[in-house]
Amino acid sequence: IWLLFLEKLWLGGVAVLVLRQIILDIRLRRRLKTAIPYPADLPAGLLPHRIRVYLADNIPTAFVLGILRPTIYLPSDLSADAAVYVLAHESVHVRRLDPLWKLLSAAALCLHWFNPLVWAAYFCASADLEYACDEAAPKLLSKVLPEADDNMTASYAQALLNVSSGKARLGMLTLSWGNVPRRIRRLLSTTPKRVFCIMLLVI
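Residues numbered from 1 in each chain as written. Predicted model: local features only at pLDDT ≥ 70, side-chain atom pairs only at ≥ 80, totals over all residues. Heavy atoms only, no water.

**Observations regarding the overall build of the protein chain**
Looking only at helices and strands, the protein chain features seven helices and four strands. Listed by position from the N terminus, the elements making up the protein chain come as α-β-β-β-β-α-α-α-α-α-α. Across the 203 residues in the protein chain, those meeting the buried criterion constitute 40%. When contacts within the protein chain are restricted to residue pairs at least 6 apart in sequence, long-range pairs at least 24 apart make up 65% of them. Of the accessible surface of the protein chain, which amounts to about 12,800 Å², a share of 63% is contributed by carbon and sulfur atoms. (Helix = DSSP H or I, 4+ residues; strand = E, 2+ residues; numbered from the N terminus. Buried < 20%, exposed > 50% of the residue type's maximum accessible area, 1.4 Å probe, protein only. Contact = heavy atoms within 4.5 Å. Areas by Shrake-Rupley, 256 points an atom, 1.4 Å probe, with all protein chains shown as cover.)

Now the structure itself:
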C-alpha cells in the first residue's frame, strides 16, 4: 500500500512540474506572437548560420527558445549597441547546444523532483551555462567586431549590467540572464584558481 501511495505521489509531482512548464510555455509563446525579425545588420560571424533573431515588446530580458530551431528573442527597447553584446552571449548558448542540455537537466529535475540534490544540481548547472557563455562572449566579440577595444571583458560586463533590469518567469527550458551581479563579479574576478580546489572538483 505504501509503495502504491509513493508511486502515485511521485507521478503527481512529475505531472505538476510538466504541467507548470507547459502553461508557462503557452503564456510565453502568446507574448511572442507580435515579435518581429531583428531589423539591423549584425557583424559577420556573430551568430551561427540560420539562427533567427526577433524583437518582442513584452519581454523583460533576452533569451534563447527552442531545441531544433533555436531562436533568440530580444526586448524591443534594447539599443543596437547593447544588442550586439547580448547576441554574442546568446550565440554561445546556441553554439554549445545549451538548449539541449537545459532540456535534459529539466527532464532529470521532473523525474527526481523529490531529491533536493537534483534541485541543487539543476540550479548549479544552469548557472554554469551562463558563466561559460560570459567567459566566451568577449572572445567572440573581439573576433567579429572591427572596433573591438583592448578590454572587451569590461565592456561586456558593462553591457551585461545595462540590460539586466528585467527578470521573467520563463520556465525550465529557456536560457535567461539569471543572477547578473554574481556573474559580473565572477567575470571580472582576478583571483587565481587554486590547484587544490581544481583537483578536488575533478575527484
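**Comments concerning unusual backbone geometry**
Positive phi is not limited to glycine here, since L97 has a value of about 60°. Structurally, L97 is set in the loop between α2 (80-95) and α3 (98-111).

**Considerations on the packing of aromatic side chains**
Tallied over the entire structure, the rule returns six aromatic pairs. Connected via pairs of aromatic rings, a cluster forms that spans Y54, F63 and Y73. (Phe/Tyr/Trp six-rings, centres within 6.5 Å; stacked < 30°, edge-to-face > 60°.)

**What to know about helix α1 (residues 2-31)**
Counted at 1.5 Å a residue, the expected span for α1 with its 30 residues is 44 Å, and the 44 Å between its end C-alpha atoms agrees. When we look at burial in α1, the residues that qualify are G13, V14, L17, Q21, L24 and L28. Residues of α1 that are buried sit in contact with β3 (63-65), α3 and α4 (116-144). (Expected span 1.5 Å × (residues − 1).)

**Examining a positive patch on the surface**
A cluster of basic residues, R95, R96, K139 and K143, forms a positive patch at the surface. Tracing the backbone shows R95 in helix α2. (Patch = residues over 30% accessible without salt bridge, like charges linked within 9 Å, V, L, I, M, F, W, Y side chains within 5 Å. Salt bridge = Lys/Arg side-chain N within 4 Å of Asp/Glu carboxyl O. Lys, Arg positive; Asp, Glu negative; His and termini not counted. Charge placed at Lys NZ, Arg CZ, Asp CG, Glu CD.)

**Overview of the nonpolar core**
In this structure, L46, V53, I72, L74, L87, L141 and Y156 are the most contacted members of the largest nonpolar core, which totals 35 residues. When contributions to this core are tallied by element, the ones reaching two or more residues are β2 (52-56), β4 (71-75), α2, α4, α5 (152-162) and α6 (180-188). Ranked by residue count, the leading element in this core is α2, at nine residues. Grouped together as the second largest cluster of nonpolar side chains are eight residues, L32, A35, A56 and L65 included. (Core = buried A, V, L, I, M, F, W, Y, C linked by side-chain atoms within 4.5 Å.)

**Digging into the pairing of β4**
Most of β4 is tucked away, with five of its five residues classed as buried. Residues T71, Y73 and P75 line one face of β4 and the alternating positions I72 and L74 line the opposite face, and both faces are buried. Here β2 pairs with β4 via five bridges, running parallel. By the bridge assignment for β4, A56 is matched with P75. Direction of pairing for β3 relative to β4: antiparallel, over a ladder of three bridges. Its bridge partner lying in β4, L65 is registered against T71. (Pairing = 2+ DSSP bridges.)

**Considerations on the pattern of salt bridges**
A complete count under the given rule lists three salt bridges for this structure. R29 is the salt-bridge partner of D25, the closest N and O atoms lying 2.9 Å from each other. On the criterion of helical spacing, the pair formed by D25 and R29 is a turn pair, its members being four residues apart in helix α1. A salt bridge links R183 to D134, with the nearest nitrogen and oxygen atoms 2.7 Å apart. Separated by 49 residues along the polypeptide, R183 in helix α6 and D134 in helix α4 bring together distant segments of the chain. Like D134, R183 is buried.

All quantities given are derived from atomic positions and should not be read as evidence of function.
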